[in-house]
Amino acid sequence: MAIYVIDDHPLMREAIVMLLRRVRPGTELVELSQLSELEPAVAKGSAPELFCLDLKLPDTLGLSGVRLVASQYPDVPLAVISATPASDVEEWCREAGADVYIEKSAGAAEIVNALRLMLQGDSEMGGLEDITRLSKRQKQLLLMLDEGLSNREIAERLGISEHTVKVHLWRLFRRLGVKSRTQTLHYARMNGLLTP
(Lines give C-alpha, C1' and ligand atoms only; values in the text may rest on other atoms or scores of the structure.)
Protein backbone atom coordinates (compact mmCIF):
# COMPACT_ATOMS: atom_id res chain seq x y z
CA MET A 1 0.00 0.00 0.00
CA ALA A 2 1.20 3.50 -0.82
CA ILE A 3 0.21 7.10 -0.16
CA TYR A 4 0.20 9.28 -3.27
CA VAL A 5 1.02 12.98 -2.84
CA ILE A 6 0.13 15.07 -5.89
CA ASP A 7 1.27 18.69 -5.72
CA ASP A 8 3.09 20.76 -8.35
CA HIS A 9 5.04 22.81 -5.79
CA PRO A 10 8.14 20.77 -4.83
CA LEU A 11 8.55 22.42 -1.43
CA MET A 12 4.92 21.83 -0.43
CA ARG A 13 4.99 18.26 -1.76
CA GLU A 14 8.15 17.55 0.23
CA ALA A 15 6.60 19.08 3.36
CA ILE A 16 3.51 16.86 3.08
CA VAL A 17 5.70 13.80 2.51
CA MET A 18 7.78 14.72 5.57
CA LEU A 19 4.61 14.99 7.67
CA LEU A 20 3.34 11.66 6.34
CA ARG A 21 6.64 10.01 7.29
CA ARG A 22 6.00 11.14 10.87
CA VAL A 23 2.44 9.80 10.74
CA ARG A 24 3.23 6.51 9.03
CA PRO A 25 6.95 5.62 9.14
CA GLY A 26 7.97 3.03 6.56
CA THR A 27 4.95 3.55 4.31
CA GLU A 28 5.69 3.90 0.62
CA LEU A 29 5.16 7.52 -0.44
CA VAL A 30 4.77 8.37 -4.11
CA GLU A 31 5.38 12.00 -5.09
CA LEU A 32 3.79 13.34 -8.28
CA SER A 33 3.80 16.86 -9.72
CA GLN A 34 0.71 16.56 -11.91
CA LEU A 35 -2.39 14.42 -12.15
CA SER A 36 -1.49 12.84 -15.51
CA GLU A 37 1.32 10.98 -13.69
CA LEU A 38 -1.09 9.22 -11.31
CA GLU A 39 -2.48 6.39 -13.43
CA PRO A 40 0.94 5.21 -14.71
CA ALA A 41 2.38 5.46 -11.16
CA VAL A 42 -0.43 3.34 -9.69
CA ALA A 43 -0.16 0.83 -12.57
CA LYS A 44 3.53 0.19 -11.88
CA GLY A 45 3.49 0.77 -8.13
CA SER A 46 1.65 -0.20 -4.98
CA ALA A 47 -2.10 -0.01 -4.45
CA PRO A 48 -3.17 3.39 -3.08
CA GLU A 49 -4.10 3.73 0.58
CA LEU A 50 -4.62 7.50 0.56
CA PHE A 51 -4.44 10.36 -1.94
CA CYS A 52 -3.24 13.83 -0.91
CA LEU A 53 -4.20 16.09 -3.80
CA ASP A 54 -3.51 19.76 -4.41
CA LEU A 55 -6.58 21.48 -5.83
CA LYS A 56 -4.71 23.56 -8.40
CA LEU A 57 -2.45 21.52 -10.67
CA PRO A 58 -1.08 22.45 -14.11
CA ASP A 59 -3.17 19.75 -15.83
CA THR A 60 -6.48 20.28 -14.00
CA LEU A 61 -9.21 22.87 -14.18
CA GLY A 62 -11.37 23.70 -11.17
CA LEU A 63 -12.53 20.50 -9.51
CA SER A 64 -11.63 18.21 -12.42
CA GLY A 65 -8.75 16.61 -10.51
CA VAL A 66 -10.91 15.83 -7.48
CA ARG A 67 -13.64 14.35 -9.70
CA LEU A 68 -11.16 12.24 -11.64
CA VAL A 69 -9.42 10.74 -8.60
CA ALA A 70 -12.72 10.15 -6.78
CA SER A 71 -14.25 8.40 -9.80
CA GLN A 72 -11.20 6.26 -10.62
CA TYR A 73 -10.52 5.26 -7.01
CA PRO A 74 -13.86 5.51 -5.17
CA ASP A 75 -12.78 3.29 -2.26
CA VAL A 76 -9.54 5.16 -1.51
CA PRO A 77 -9.69 8.13 0.91
CA LEU A 78 -9.01 11.46 -0.79
CA ALA A 79 -7.65 14.47 1.11
CA VAL A 80 -7.53 17.75 -0.78
CA ILE A 81 -4.73 19.89 0.65
CA SER A 82 -4.92 23.37 -0.82
CA ALA A 83 -3.98 26.99 -0.26
CA THR A 84 -7.50 28.07 -1.24
CA PRO A 85 -9.56 29.00 1.85
CA ALA A 86 -11.96 26.24 2.87
CA SER A 87 -14.86 28.70 2.93
CA ASP A 88 -14.44 29.17 -0.83
CA VAL A 89 -14.27 25.58 -2.07
CA GLU A 90 -14.58 22.93 0.66
CA GLU A 91 -18.24 22.14 0.03
CA TRP A 92 -17.66 21.84 -3.72
CA CYS A 93 -14.66 19.58 -3.17
CA ARG A 94 -16.70 17.28 -0.93
CA GLU A 95 -19.50 17.18 -3.50
CA ALA A 96 -16.90 16.32 -6.17
CA GLY A 97 -15.71 13.35 -4.11
CA ALA A 98 -13.09 14.58 -1.62
CA ASP A 99 -13.36 13.08 1.84
CA VAL A 100 -11.50 15.84 3.67
CA TYR A 101 -10.41 19.37 2.81
CA ILE A 102 -7.30 20.67 4.57
CA GLU A 103 -5.97 24.19 4.18
CA LYS A 104 -2.21 24.38 3.70
CA SER A 105 -2.22 27.27 6.16
CA ALA A 106 -3.53 24.96 8.91
CA GLY A 107 -0.06 24.23 10.23
CA ALA A 108 1.91 21.03 10.61
CA ALA A 109 0.21 19.78 13.80
CA GLU A 110 -3.31 20.09 12.38
CA ILE A 111 -2.34 18.54 9.05
CA VAL A 112 -0.58 15.64 10.81
CA ASN A 113 -3.59 15.04 13.06
CA ALA A 114 -6.04 15.06 10.13
CA LEU A 115 -3.91 12.67 8.07
CA ARG A 116 -3.31 10.38 11.07
CA LEU A 117 -7.06 10.10 11.66
CA MET A 118 -7.68 9.34 7.98
CA LEU A 119 -5.13 6.54 8.06
CA GLN A 120 -6.26 4.99 11.36
CA GLY A 121 -9.09 2.94 9.95
CA ASP A 122 -11.92 1.61 12.03
CA SER A 123 -10.00 -0.95 14.08
CA GLU A 124 -10.75 0.67 17.43
CA MET A 125 -14.48 0.37 16.81
CA GLY A 126 -14.68 -3.41 16.55
CA GLY A 127 -15.82 -5.43 13.57
CA LEU A 128 -17.54 -3.82 10.63
CA GLU A 129 -20.46 -6.22 11.07
CA ASP A 130 -21.53 -4.27 14.17
CA ILE A 131 -22.30 -0.89 12.60
CA THR A 132 -23.99 0.45 15.73
CA ARG A 133 -20.81 0.09 17.81
CA LEU A 134 -19.36 3.57 17.67
CA SER A 135 -16.36 5.08 19.39
CA LYS A 136 -16.87 7.52 22.27
CA ARG A 137 -15.89 10.43 19.99
CA GLN A 138 -18.38 9.33 17.32
CA LYS A 139 -21.18 9.16 19.89
CA GLN A 140 -20.26 12.69 21.02
CA LEU A 141 -20.36 13.88 17.41
CA LEU A 142 -23.80 12.38 16.85
CA LEU A 143 -25.20 14.19 19.87
CA MET A 144 -23.60 17.49 18.80
CA LEU A 145 -24.91 17.09 15.24
CA ASP A 146 -28.33 16.49 16.73
CA GLU A 147 -27.96 19.79 18.63
CA GLY A 148 -27.28 21.50 15.29
CA LEU A 149 -23.74 22.59 16.18
CA SER A 150 -21.40 23.79 13.42
CA ASN A 151 -17.91 22.35 12.94
CA ARG A 152 -16.48 25.41 14.68
CA GLU A 153 -18.82 24.98 17.66
CA ILE A 154 -17.98 21.27 17.90
CA ALA A 155 -14.26 22.10 17.76
CA GLU A 156 -14.62 24.66 20.56
CA ARG A 157 -16.63 22.31 22.73
CA LEU A 158 -14.19 19.42 22.29
CA GLY A 159 -11.05 21.56 22.39
CA ILE A 160 -9.83 20.34 18.99
CA SER A 161 -9.29 21.99 15.59
CA GLU A 162 -11.95 22.28 12.90
CA HIS A 163 -9.80 20.09 10.64
CA THR A 164 -9.87 17.35 13.26
CA VAL A 165 -13.65 17.68 13.54
CA LYS A 166 -13.94 17.29 9.75
CA VAL A 167 -11.87 14.12 9.79
CA HIS A 168 -13.88 12.69 12.70
CA LEU A 169 -17.06 13.44 10.74
CA TRP A 170 -15.60 11.81 7.62
CA ARG A 171 -14.83 8.66 9.61
CA LEU A 172 -18.33 8.68 11.12
CA PHE A 173 -19.90 9.09 7.66
CA ARG A 174 -17.83 6.17 6.34
CA ARG A 175 -18.70 4.06 9.37
CA LEU A 176 -22.43 4.60 8.86
CA GLY A 177 -22.32 4.52 5.05
CA VAL A 178 -23.70 8.06 4.66
CA LYS A 179 -22.49 11.21 2.92
CA SER A 180 -23.89 14.14 4.90
CA ARG A 181 -24.94 15.42 8.30
CA THR A 182 -28.60 15.05 7.33
CA GLN A 183 -28.15 11.41 6.30
CA THR A 184 -26.16 10.77 9.48
CA LEU A 185 -28.92 12.08 11.71
CA HIS A 186 -31.59 10.20 9.76
CA TYR A 187 -29.60 6.97 10.09
CA ALA A 188 -28.97 7.61 13.79
CA ARG A 189 -32.67 8.21 14.49
CA MET A 190 -33.80 5.18 12.48
CA ASN A 191 -31.32 2.92 14.30
CA GLY A 192 -31.76 4.28 17.82
CA LEU A 193 -28.25 5.73 18.06
CA LEU A 194 -29.39 8.99 19.67
CA THR A 195 -30.99 7.39 22.70
CA PRO A 196 -28.95 7.49 25.94
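Rules used in this analysis
Residues numbered from 1 in each chain as written. Predicted model: local features only at pLDDT ≥ 70, side-chain atom pairs only at ≥ 80, totals over all residues. Heavy atoms only, no water. Helix = DSSP H or I, 4+ residues; strand = E, 2+ residues; numbered from the N terminus. Rg over C-alpha atoms; globule rule 2.2 N^0.38 Å. Buried < 20%, exposed > 50% of the residue type's maximum accessible area, 1.4 Å probe, protein only. Contact = heavy atoms within 4.5 Å. Areas by Shrake-Rupley, 256 points an atom, 1.4 Å probe, with all protein chains shown as cover. Lys, Arg positive; Asp, Glu negative; His and termini not counted. Charge placed at Lys NZ, Arg CZ, Asp CG, Glu CD. Arc of directions from axis to C-beta. Salt bridge = Lys/Arg side-chain N within 4 Å of Asp/Glu carboxyl O. Pairing = 2+ DSSP bridges. Core = buried A, V, L, I, M, F, W, Y, C linked by side-chain atoms within 4.5 Å. pLDDT = per-residue confidence, 0-100. Axes fitted to C-alpha atoms, helices over the stretch in contact; angles between N-to-C directions. Parallel < 35°, antiparallel > 145°, perpendicular 65-115°, else oblique. Left-handed = near helix turned anticlockwise from the far one by under 90°.

Re the overall build of the protein chain
Looking only at helices and strands, the protein chain has 9 helices and 5 strands in total. The N-to-C order of helical and strand elements in the protein chain reads β-α-β-α-β-α-β-α-β-α-α-α-α-α. Compactness check: the protein chain gives a C-alpha radius of gyration of 17 Å against a globular reference of 16 Å for 196 residues, within 12% of the reference. Counting only residues that meet the buried cut, the protein chain has 49% of its 196 residues in that class. Across the protein chain, every contact between residues at least 6 apart in sequence was considered, and the portion connecting residues at least 24 apart equals 65%. For the protein chain, the exposed surface amounts to about 10000 Å²; the carbon and sulfur share of it is 52%. Distance between charge centroids for the protein chain: 5 Å, based on 23 positive and 27 negative side chains.

Quick notes on helix α9 (residues 181-190)
Because an α-helix packs 3.6 residues into every turn, residues spaced three or four apart end up facing the same way. Listing the buried residues of α9 in full gives Thr 184, Leu 185, Tyr 187 and Ala 188. Down the axis, α9 shows its buried residues gathered within 160 degrees of arc, on one side only. Facing away from the buried side of α9, by more than 90 degrees, are the exposed residues Thr 182, His 186, Arg 189 and Met 190. On its buried side, α9 packs onto α6 (136-146) and α8 (162-176). Just past α9, the residue Gly 192 takes up positive phi, approximately 65 degrees.

Some details on the pattern of salt bridges
Under the counting rule described, the total for this entry stands at 8 salt bridges. One salt bridge connects Lys 104 with Asp 54, and the closest N-O pair in it is separated by 3.5 Å. Note that Lys 104 is positioned in the loop between β5 (100-103) and α5 (108-120) and Asp 54 in the loop between β3 (48-53) and α3 (64-72), a separation of 50 residues in sequence. Note on accessibility: Lys 104 and Asp 54 belong to one class, buried.

Description of the pairing of β3
Among the 6 residues of β3, 6 are classified as buried, and the element is accordingly described as predominantly covered. The pairing of strand β1 (residues 2-6) with β3 spans 5 bridges and is classified as parallel. Across the sheet, Val 5 pairs through a bridge with Cys 52, a residue of β3.

Describing the nonpolar core
By size, the foremost hydrophobic cluster in this structure holds 27 residues, and its most contacted members are Tyr 4, Leu 38, Phe 51, Val 66 and Cys 93. Those elements giving two or more residues to this core turn out to be β1, β2 (28-32), α2 (38-44), β3, α3, β4 (78-82) and α4 (86-96). The biggest single contributor to this core is α4, with 4 residues. Residues within four places of Tyr 4 in sequence aside, it is in contact with Val 30, Leu 32, Leu 38, Ala 41, Val 42, Gly 45, Ser 46, Ala 47, Pro 48, Leu 50, Phe 51 and Cys 52. Val 5, Ile 16, Val 23 and Val 100 belong to the second largest nonpolar core, which has 24 residues in total.

Considerations on the environment of Arg 67
Note that Arg 67 resides in helix α3. Distance from Arg 67 to Met 144, taken between C-alpha atoms, is 30 Å for residues 77 residues apart in sequence.

Things to note about the confidence of the model for the protein chain
Mean pLDDT for the protein chain: 86, with 92% of residues reaching 70 or above. Ignoring residues within four places in sequence, the model shows residues 122-131, a span with pLDDT below 50, making 17 contacts including any to other chains.

Focus on the pairing of β1
Of all 5 residues in β1, 5 are buried; the element is thus mostly enclosed. Inspection of the sheet shows β1 paired to β2 by 5 bridges, in the parallel sense. Bridging from a neighbouring strand, Ala 2 pairs with Glu 28 of β2.

With respect to the side chain of His 168
The topology assignment puts His 168 in helix α8. Those residues in contact with His 168, other than ones at most four positions away along the chain, are Leu 117, Arg 137, Leu 141 and Ile 160.

As for the packing of α8 against α9
Where α8 meets α9, the axes come as close as 10 Å, and the angle between the chain directions of the two elements is 50 degrees. When the axis of α8 is compared with that of α9, the two are oblique. Note that α8 runs across α9; the crossing there is left-handed. Residues Leu 169, Leu 172, Phe 173 and Leu 176 of α8 touch α9, and the partners they reach there are Arg 181, Thr 184 and Tyr 187.

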